[in-house]
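Structure assessment
What follows is the residue order along each chain.
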Amino acid sequence: MRIDIITCLPKLLESPFSHSILQRAQDKGIVEVVVHDLRGYAVNKKKQLDDYAYGGGAGMVMMIEPIDNCISTLKAERDYDEVIYMTPDGETLNQQIANELSLKGNIMILCGHYKGVDERVRERFITREISIGDYVLSGGELGAAVLSDAIIRLIPGVLSDETSALTDSFQDNLLAPPVYTRPAEYKGMTVPEVLLSGHEKKIEEWRFKQSLARTKKRRPDLLDD
Ligand code: ADE
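Thresholds, definitions, all that
- Residues numbered from 1 in each chain as written.
- Predicted model: local features only at pLDDT ≥ 70, side-chain atom pairs only at ≥ 80, totals over all residues.
- Heavy atoms only, no water.
- Helix = DSSP H or I, 4+ residues; strand = E, 2+ residues; numbered from the N terminus.
- Rg over C-alpha atoms; globule rule 2.2 N^0.38 Å.
- Buried < 20%, exposed > 50% of the residue type's maximum accessible area, 1.4 Å probe, protein only.
- Contact = heavy atoms within 4.5 Å.
- Areas by Shrake-Rupley, 256 points an atom, 1.4 Å probe, with all protein chains shown as cover.
- Lys, Arg positive; Asp, Glu negative; His and termini not counted.
- Charge placed at Lys NZ, Arg CZ, Asp CG, Glu CD.
- Domains from an automatic or database assignment.
- Near = heavy atom within 4 Å.
- Polar contact = N/O pair within 3.5 Å; in protein donor to acceptor, adjacent residues only side chain to side chain.
- Nonpolar A, V, L, I, M, F, W, Y, C, P; charged D, E, K, R; others polar.
- Salt bridge = Lys/Arg side-chain N within 4 Å of Asp/Glu carboxyl O.
- Axes fitted to C-alpha atoms, helices over the stretch in contact; angles between N-to-C directions.
- Parallel < 35°, antiparallel > 145°, perpendicular 65-115°, else oblique.
- Left-handed = near helix turned anticlockwise from the far one by under 90°.
- Patch = residues over 30% accessible without salt bridge, like charges linked within 9 Å, V, L, I, M, F, W, Y side chains within 5 Å.
- Disulfide = S-S within 2.5 Å.
- Pairing = 2+ DSSP bridges.

Describing the overall build of the chain
- Looking only at helices and strands, the chain features 9 helices and 9 strands.
- Compactness check: the chain gives a C-alpha radius of gyration of 22 Å against a globular reference of 17 Å for 225 residues, more than 25% above the reference.
- In terms of principal-axis extent, the alpha carbons of the chain reach across some 70 × 40 × 35 Å.
- Residues counted as buried form 39% of the 225 residues belonging to the chain.
- For the chain, the share of sequence-separated contacts (at least 6 apart) that also reach a separation of at least 24 residues comes to 76%.
- For the chain, the exposed area adds up to about 13,500 Å²; of that, 50% sits on carbon and sulfur atoms.
- Across the chain, the 28 positively charged side chains and the 35 negatively charged ones have centroids separated by 5 Å.

Side note on the domain arrangement of the chain
- As far as domains go, the chain holds domain 1 (2-152) and domain 2 (167-224).
- The straight-line distance from the C-alpha centre of domain 1 to that of domain 2 is 37 Å.

Considerations on the site of the ligand
- Met 86, Thr 87, Pro 88, Ile 130, Ser 131, Ile 132, Gly 133, Tyr 135, Val 136, Leu 137 and Gly 139 make up every residue found near the ligand.
- Ile 132 places a polar main-chain atom, nitrogen or oxygen, 2.9 Å from a nitrogen atom of the ligand.
- When isolated, the ligand has an accessible area of 260 Å², and the protein chains bury 96% of it.
- Of all the secondary structure elements, the ones that give two or more residues to the shell around the ligand are β5 (82-92) and β7 (128-131).
- Examining the composition of the shell around the ligand, we find that 3 residues originate from one element, β5, more than from any other.
- Residue composition of the shell around the ligand, grouped by class: 7 nonpolar, 4 polar and no charged.

Here's the deal with the pattern of salt bridges
- For the structure on display, the rule yields 14 salt bridges.
- In this structure, Glu 77 engages Arg 78 in a salt bridge whose closest nitrogen and oxygen atoms are separated by 3.4 Å.
- Close ionic contact of Glu 82 with Arg 128 constitutes a salt bridge, the shortest N to O distance being 4.0 Å. Placement of the pair is Glu 82 in strand β5 and Arg 128 in strand β7, with a sequence separation of 46 residues.

Details of the packing of helix α3 (residues 95-102) against helix α5 (residues 141-152)
- Where α3 contacts α5, the axes come no closer than 8 Å and their chain directions differ by 70°. Taken together, the axis directions place α3 and α5 in an arrangement best described as roughly perpendicular. Once α3 is placed against α5, the crossing between them reads as right-handed. Contact residues: α3 offers Ala 98, Leu 101 and Ser 102, while α5 offers Leu 147, Ala 150 and Ile 151.
- Among the residues making up the contact of α3 with α5, the classes are represented as 5 nonpolar, 1 polar and no charged.

Let's talk about unusual backbone geometry
- For the bond running from Arg 182 to Pro 183, omega is 5°, close enough to zero to count as cis.
- Its location among the elements puts Pro 183 in the loop between α6 (163-166) and β8 (185-186).
- Its identity is not glycine, yet Lys 47 carries a phi of approximately 55°, on the positive side.
- Assignment of secondary structure puts Lys 47 in the loop between β2 (32-37) and β3 (50-52).
- Among the residues examined, Lys 47 registers a relative accessible area of 39% and is labelled partly exposed.

Here we look at a nonpolar patch on the surface
- A grouping of Leu 9, Leu 12, Tyr 135, Leu 137 and Leu 142 is seen on the molecular surface, where their side chains present a nonpolar patch of about 430 Å² in accessible area.
- With respect to the secondary-structure elements, Leu 137 resides in the loop between β7 and α5.

Description of the state of the cysteines
- Per the counting criterion, the structure on display carries 0 disulfides.
- Of all cysteine sulfurs, the one in Cys 111 lies closest to Cys 70, which takes part in no disulfide; the gap is 11 Å.
- On the accessibility criterion, Cys 70 (0% relative accessible area) is buried.
- Here Cys 111 falls in the buried class, since its relative accessible area comes to 0%.

Some details on the pairing of β5
- Bridge analysis of β5 against strand β6 (residues 106-111) gives 5 bridges, and the strand direction is parallel. In the strand pairing of β6, Tyr 85 is matched with Leu 110.
- Here 5 bridges tie β5 to β7, and the two strands are oriented parallel to one another. By the bridge assignment, Tyr 85 is partnered in β7 with Glu 129.

Set out below in structure tokens:
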């Protein structure tokens, strides 16, 4: 899979892709993440990327021309399955969307800033708009990093124990059960007996019951569907 991220703040995206699972996925050649500095596609001498909003009002709007230049350049090089715009008014990211996108080949992600992008960008180029939650960030970069992480860890071969993505919270509309590691007793706190029993079937049953109880208590909405 290849993920191209278009941003006016490329440095913001350096760290999230340079550690742990996301770095390893790139080292293994399973995913290629390419960050594009929108400023390199600016059209005037000032390297301007934003301008005042027609009709007035506070806040700048990202101009269509640099974005068109960047997206069109990338599209001339390869086909894209989705061109995603990160925005608080998009569909809210969930595990199902991450699952769907993890099956794609090439994805482009555009990060917005200021008051957002000229509406014509959305009409002409964007195939999907995604929000990472009902709050407003300073820009789309952190959202793009969150989205990419959620997608990349689902691609087969990225996690060393492939089943571990399948047992994540939300995969069956259930939250994950509690987990424990050594020591078996710590300051009087013990680990549930069943987990020490070695009895696989009982352990599986216990985990399922815990998942169900935790979901009922914390996220009953997940059980509605
Ligand atoms: N840009 C600003 N706020 C955002 C959000 N909540 N999700 C995605 N992109 C954003």
